[in-house]
There are 2 protein chains.
Amino acid sequence: MADVSSKKATIYDLSVLSGASASTVSAVLNGSWRKRRISEETANKILSLAKAERYTANLQARGLRSSKSGLVGLLVPVYENRFFSSMAQAFEAEARKRGLSPMVVSGRRDPEAERRTVETLIAYSIDALFIAGVANPDGVHQVCAGAALPHVNLDLPGKLASSVISDNRRGAEVLTGAILQHAARGANLSPEDVVLFGGHDDHASLERIAGFHAAKNAYFGQECSVEDVEKTGYSPRMTELVLEQFFERNGQLPRCFFINSSINFEGLLRFMGRHDEETVANIVVGCFDYDPFGSFLPFPVYMIKPDVQKMLEVGFELLEAAPTEPLVTIIEPRLIPPRTALAGPLDDISELSVSS
Amino acid sequence: MADVSSKKATIYDLSVLSGASASTVSAVLNGSWRKRRISEETANKILSLAKAERYTANLQARGLRSSKSGLVGLLVPVYENRFFSSMAQAFEAEARKRGLSPMVVSGRRDPEAERRTVETLIAYSIDALFIAGVANPDGVHQVCAGAALPHVNLDLPGKLASSVISDNRRGAEVLTGAILQHAARGANLSPEDVVLFGGHDDHASLERIAGFHAAKNAYFGQECSVEDVEKTGYSPRMTELVLEQFFERNGQLPRCFFINSSINFEGLLRFMGRHDEETVANIVVGCFDYDPFGSFLPFPVYMIKPDVQKMLEVGFELLEAAPTEPLVTIIEPRLIPPRTALAGPLDDISELSVSS
DNA sequence: TTGAAAGCGCTAACAA
DNA sequence: TTGTTAGCGCTTTCAA
């Protein structure tokens, strides 16, 4: 019977109980016993003993000794956002699938915080790091390089390590095409009716802007030289501000919005909160990010859903392959038409019994 | 100058370089040197050496030796949800404020997964665990007890440890009152116009149902004995199913919805995706959870926002106080009127420079 | 004011 | 097929 004494059992306890040496116990318990040619008999004895004693390995000790902790990190800017939280969800699943333990941390787009949290992860000897959405990629890369930490960039490209990114250009093109087509059903459009809000000078934004312009040029059959991009960074507050300014300047909102991310979309929500429903009654929105609630707002919202699951699969493969040259893999995102609520992680589980 | 050799510096490296012993270096580097009466001079020498060598402590080794890892866990069902992701955000902030490292894991409301992930956390010698939203609290509690792991229940009460929960009853009462008042502006209501969807037999659901009924009884001035609760568990799919059944049975949706959580709300979204906009044109919704996008849907949505920040502050205090008897602390949530987009974590950061 | 030495729980040569 | 031994990097008595 299991000893109920609070202290956790160690391989030494099992060594004494089983009569085998600590190293034999160790080998049995970490699975390397076949290779170490330990008899099935002793293995079984130790295994059942371990179960009886509720043995679980001390992963800090194992990590210290073997200099690999089994921890993998994911750095996101924030959790409170459908894109990054779904990324965290996929990351956790993918990590566990590989017997690794996920550690998700948030850098809050603050270069200081980003560096510090990554340094902390390194202090815990994480084996690898996935980097998604940082304010200062160079700073983080530098820290990784200094610690010789394998890492993969997610959703943003990097020079020092492999990257998995969405097809921002093509996604933006498709998204822009969709809102143009939708809006054109009602009335004639001119180039200044179609404006992009959000983004900055990062790679993703620039690609999306390029795709946005490509689609507009194709639609209008000309090089549109109007000012149709309002950069706001990844800040809801700034997006709201810029929208207010636009509204004041023009007396109305543009007919078609391309919104660079759900974070910027929250800026539009704030604008909506300060104006009546008429103000947004006729707009058509395309957002480069997916949020099920965003999909049902009182105007048509087309969304682009990056394939985070795929991105993480590829990311882990890249990590394992450890190519000599940094590789960039581009993953196709998916256009989500208005009024679409996709299934999520909670759909995979067994339903609870239902009473009325 | 710092050695660029990839291997990380250890206290022994600094010991050699400084001429002091490893134990002295250790004491200086972990801050216990004043107490150990080490001279300011040697301390400073070692400190500057450490900086030059870019020394960072190996936290696995420290943890192994001192049998406290500095890791705190948070178990949530899923990330992809505004409530739990804001909880993760607050948890991380609160943990770092205390010099601890957060590890957030998702149990996917799967009793097996919940146990396993908690066991893994324990294997990494986490110092404490916060438990929020599990399918099988008993299983998890048992694992914690077996490892003598201090833990705090969040958003659900538990017998074995202290709990911090929302005032579900009062919140539900306020929320129900708000939707009743709103809906009454248009037409006369009868008890069967006001229906609760979601939840199960867990404490939170039961309290919310009680608050819901209290508010209805107060409004209608009578004990309403109508069947006005449709339990669906915390499953979008099941919620959708039950809504479809309701719709088929009655030829229309109820006028007023009380939705037990944003997870159930996603079930309503799916229903909406399968029906035209007319079907939901006149409903009034109250949701026990806050989501900024949910707040702007094409019908009035009142929401209750649990005060996760406060819940976590209290949670950590409870952990530190370690009361002999489990304590239950109730935190007031906040009613959010329709069309409200609150500020979030990204608003605290410095804005990027903005170009047009 | 500092150092020597033991050991946290585990892994991995190397012997036997 | 198994055991012995020497650490991984750190903390912590205990002595000096």
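Residues numbered from 1 in each chain as written. Chains lettered and ligands numbered in written order. Predicted model: local features only at pLDDT ≥ 70, side-chain atom pairs only at ≥ 80, totals over all residues. Heavy atoms only, no water.

So, the packing of helix 2 (residues 22–29) of chain A against helix 3 (residues 40–52) of chain A: which residues are in play, and what are the values?
Residue and element names in this part refer to chain A. Contact geometry for helix 2 and helix 3: axes closest at 10 Å, N-to-C directions at 80°. One element, helix 2, and the other, helix 3, form an angle in the roughly perpendicular class. Touching Thr24, Val25, Val28 and Leu29 of helix 2 are Ala43, Ile46, Leu47 and Ala50, all from helix 3. (Axes fitted to C-alpha atoms, helices over the stretch in contact; angles between N-to-C directions. Helix = DSSP H or I, 4+ residues; strand = E, 2+ residues; numbered from the N terminus. Parallel < 35°, antiparallel > 145°, perpendicular 65-115°, else oblique. Contact = heavy atoms within 4.5 Å.)

If you had to explain the packing of helix 8 (residues 168–184) of chain B against helix 9 (residues 203–220) of chain B to someone new, which residues and values would you point to?
When two helices pack together, their arrangement is given by the angle between the helix axes and the distance between those axes. All names here are of chain B. Contact pair helix 8 / helix 9: the axes reach a minimum separation of 7 Å and the direction vectors enclose 40°. Taken together, the axis directions place helix 8 and helix 9 in an arrangement best described as oblique. Taken as a pair, helix 8 and helix 9 cross one another with a handedness that is right-handed. Mapping the contact onto sequence places Asn168, Arg169, Ala172, Glu173, Thr176, Gly177, Leu180 and Ala184 in helix 8 and Ala204, Glu207, Arg208, Ala210, Gly211, Phe212, Ala214, Ala215, Lys216, Tyr219 and Phe220 in helix 9. Taken together, the residues that form the contact of helix 8 with helix 9 break down as 10 nonpolar, 4 polar and 5 charged. (Left-handed = near helix turned anticlockwise from the far one by under 90°. Nonpolar A, V, L, I, M, F, W, Y, C, P; charged D, E, K, R; others polar.)

Got a sec to walk through the protein's contact with DNA strand D? Specific residues and values, please.
Around DNA strand D sit 25 residues, and of these Arg36 and Arg65 of chain A together with Tyr12, Ser26 and Tyr55 of chain B come closest. Among the atoms of DNA strand D close to the protein, meaning within 4 Å, 51% are from sugar or phosphate groups. In the model, a phosphate oxygen of DNA strand D is placed 2.6 Å from a nitrogen or oxygen of the Arg62 of chain B side chain. Listed by contribution, the elements that provide at least two residues to the surface near DNA strand D are helix 2 and helix 4 (59–66) of chain A together with helix 1 (11–18), helix 2 (22–29) and helix 4 (59–66) of chain B. In terms of residues, the surface near DNA strand D owes the most to one element, helix 4 of chain B, which gives 3 residues. Across the surface near DNA strand D, the residue classes break down as 8 nonpolar, 11 polar and 6 charged. (Near = heavy atom within 4 Å. Polar contact = N/O pair within 3.5 Å; in protein donor to acceptor, adjacent residues only side chain to side chain.)

Describe in detail the relation of the copies chain B and chain A, supporting the description with residues and values.
For the match of chain B to chain A, the screw axis carries a shift of 0.1 Å, the RMSD comes to 0.1 Å, and the turn is 180°. Taken together, the rotation and translation describe the operation of a two-fold axis. In this assembly, 100% of the residues forming the interface of chain B have copies in chain A that are likewise at the interface, indicating an isologous arrangement. (Least-squares fit on C-alpha atoms with pLDDT ≥ 70 in both.)

Explain the sheet that holds strand 5 (residues 163–166) of chain B to me, using residue names and the numbers behind them.
Through backbone hydrogen bonds, the strands of a sheet pair up, either in parallel or in antiparallel fashion. Residues and elements named next belong to chain B. Read from one edge of the open sheet, 6 strands run 2-1-3-4-5-11, paired in parallel fashion. The sheet terminates laterally at strand 2 (101–106) and strand 11 (328–331), the two strands that pair on one side only. The sheet shows a mean angle of 20° between the axes of neighbouring strands, direction not considered. Of the strand pairs in this sheet, strand 1 (residues 71–76) and strand 2 are connected by 6 bridges, and their pairing is parallel. Counterpart to Gly73 in the pairing with strand 2 is Met103. (Pairing = 2+ DSSP bridges.)

How would you explain helix 5 (residues 82–97) of chain A if you had to name every residue and give the values?
Residue and element names in this part refer to chain A. Compared with an ideal rise of 1.5 Å per residue, which puts 16 residues at 22 Å, helix 5 spans 22 Å between its outermost C-alpha atoms and is within 8% of the ideal. The opening residue of helix 5 is Asn81, an N-cap whose side-chain oxygen sits 2.9 Å from the backbone nitrogen of Phe83. Residue Gly99 follows helix 5 closely and has a positive phi angle near 75°. (Expected span 1.5 Å × (residues − 1).)

Give me the lowdown on the sheet that holds strand 6 (residues 194–197) of chain B, citing residues and values where you can.
All names here are of chain B. With mixed pairing, 6 strands are arranged side by side in an open sheet as 7-6-8-9-10-12. Of all the strands in the sheet, just strand 7 (229–230) and strand 12 (334–336) have a single pairing partner and so form its edges. Where strand 9 (residues 284–287) and strand 10 (residues 301–305) come together, 3 bridges link them in parallel fashion. If you follow Gly286 over to strand 10, its bridge partner there is Tyr302. Seen against the sheet, helix 10 (residues 236–250) touches strand 6, strand 7 and strand 8 (256–259) and runs at an angle of roughly 155° to strand 6.

Provide a residue-level description of the side chain of Asp228 of chain A, including the pertinent values.
Residue and element names in this part refer to chain A. Here Asp228 shows up in the loop between helix 9 (203–220) and strand 7 (229–230). Looking at Asp228, its side chain comes within polar contact range of the side chain of Lys216, at 2.8 Å. Once residues lying within four places of it in the same chain are set aside, the contact partners of Asp228 are Val194, Val195, Leu196, Phe212, His213 and Lys216.

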